[in-house]
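This is what each chain is made of:
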Amino acid sequence: MIAHILALDIAGNPFGWIPAQDAVIYYATGKVAWELGGLSMVFRGGFQRSGLQSRITIKPIIAIAGSEHMARKLRNELPLGNQNYLLFKRDRYTCAYCGDRFSHKDLSRDHILPRVRGGKDTWMNCVTACRRCNQEKGDKLVQHFRPLLYVPYIPCRAEHYLLSGRNVLADQHDYLAAQLPKHSRLLS
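Residues numbered from 1 in each chain as written. Predicted model: local features only at pLDDT ≥ 70, side-chain atom pairs only at ≥ 80, totals over all residues. Heavy atoms only, no water.

Draft legend 1. Geometry of the confidence of the model for the protein. Taken residue by residue, the protein gives an average pLDDT of 88. The fraction at 70 or more is 92%. Confidence, expressed as mean pLDDT per element, reaches its minimum in the protein at helix H2 (residues 68-75) with 59 and its maximum at strand E8 (residues 126-130) with 97. (pLDDT = per-residue confidence, 0-100. Helix = DSSP H or I, 4+ residues; strand = E, 2+ residues; numbered from the N terminus.)

Structure (structure tokens):
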């Protein structure tokens, strides 16, 4: 069973993870421009007068045509989120100061420029830090604490969808991974 469908704009840029039932609506209204993936899921509907049952077959990756809303949404900056899952995945659960790997519960979000000094919750100002290093750093600037072991970066749209995907199917993963830049930490 396909848990979520990877929705793309007409040019193939990831737009969102949508439930399979929403994909059925796009198929039924003729808004699916093209589709990819080996796995298919069949939804059955009512019966016609002739006795035939209606069926819609969906694929795990669909490009949706004619949506102005999608184009506007693609221009927005990708969200960092407030639960740190995406940040920790981007940084491979590795503390930017001591270099050790930790579980989610032992990590925290560190602001390179601390919030008390005007730092914002952005991809370029946040790194993963273990609780101990984050407490030691406090509101110090990086140059007054320890150097960063890696630099932050803004994930590209494909990387963002891989980081935020729940049960990503092989076809979906391969499609997104093919769009990753060479500097992506997901490739190493």
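Draft legend 2. Geometry of the side chain of Asp110. Within the element layout of this structure, Asp110 appears in strand E7 (residues 107-111). What Asp110 contacts, discounting residues up to four positions off in sequence, is Tyr97, Asn125, Cys126, Val127, Ala129, Asn134 and Lys137. (Contact = heavy atoms within 4.5 Å.)

Draft legend 3. Region of the structure containing the packing of aromatic side chains. Summed over the entire model, instances satisfying the criterion amount to two aromatic pairs. Summarising the aromatic geometry, the rings of Tyr97 and Phe145 are spaced 5.2 Å apart at their centres and angled 75° between planes, so their arrangement reads as edge-to-face. Residue Tyr97 is located in the loop between helix H3 (85-90) and E7, and its partner Phe145 is located in the loop between helix H4 (131-137) and helix H5 (157-164); the two are separated by 48 residues in the primary sequence. We note that Tyr97, like Phe145, is buried. A cation over a ring is seen here: Arg90 above Tyr153, with NZ or CZ 5.6 Å from the ring centre. (Phe/Tyr/Trp six-rings, centres within 6.5 Å; stacked < 30°, edge-to-face > 60°. Buried < 20%, exposed > 50% of the residue type's maximum accessible area, 1.4 Å probe, protein only. Lys NZ or Arg CZ within 6 Å of the ring centre and 35° of its normal.)

Draft legend 4. Molecular detail of the nonpolar core. If you look at the biggest cluster of nonpolar residues, it comprises 20 residues, and the most contacted ones within it are Leu87, Cys95, Tyr97, Trp123 and Val127. At the level of elements, H3 and E8 are the ones that each hand at least two residues to this core. Per-element tally for this core: the top contributor is E8, with four residues. Those residues within four positions of Val127 in sequence are excluded, and the remaining contacts are Leu87, Arg90, Asp91, Ala96, Tyr97, Ser108, Arg109, Asp110, Ile112, Leu148, Tyr150 and Pro152. With 14 residues, the next largest nonpolar core counts Ala7, Val24, Val32 and Ile64 among its residues. (Core = buried A, V, L, I, M, F, W, Y, C linked by side-chain atoms within 4.5 Å.)

Draft legend 5. Region of interest: the environment of Gln48. Locating Gln48 in the fold gives a position in the loop between strand E4 (41-47) and strand E5 (53-58). For Gln48 and Ser188, which are 140 residues apart along the polypeptide, the C-alpha to C-alpha distance reads 53 Å.

Draft legend 6. Here's a closer look at H5. Along H5, seven of the eight residues are buried, which leaves the element largely enclosed by surrounding structure. By the burial criterion, the buried members of H5 are Arg157, Ala158, Glu159, His160, Tyr161, Leu162 and Leu163.

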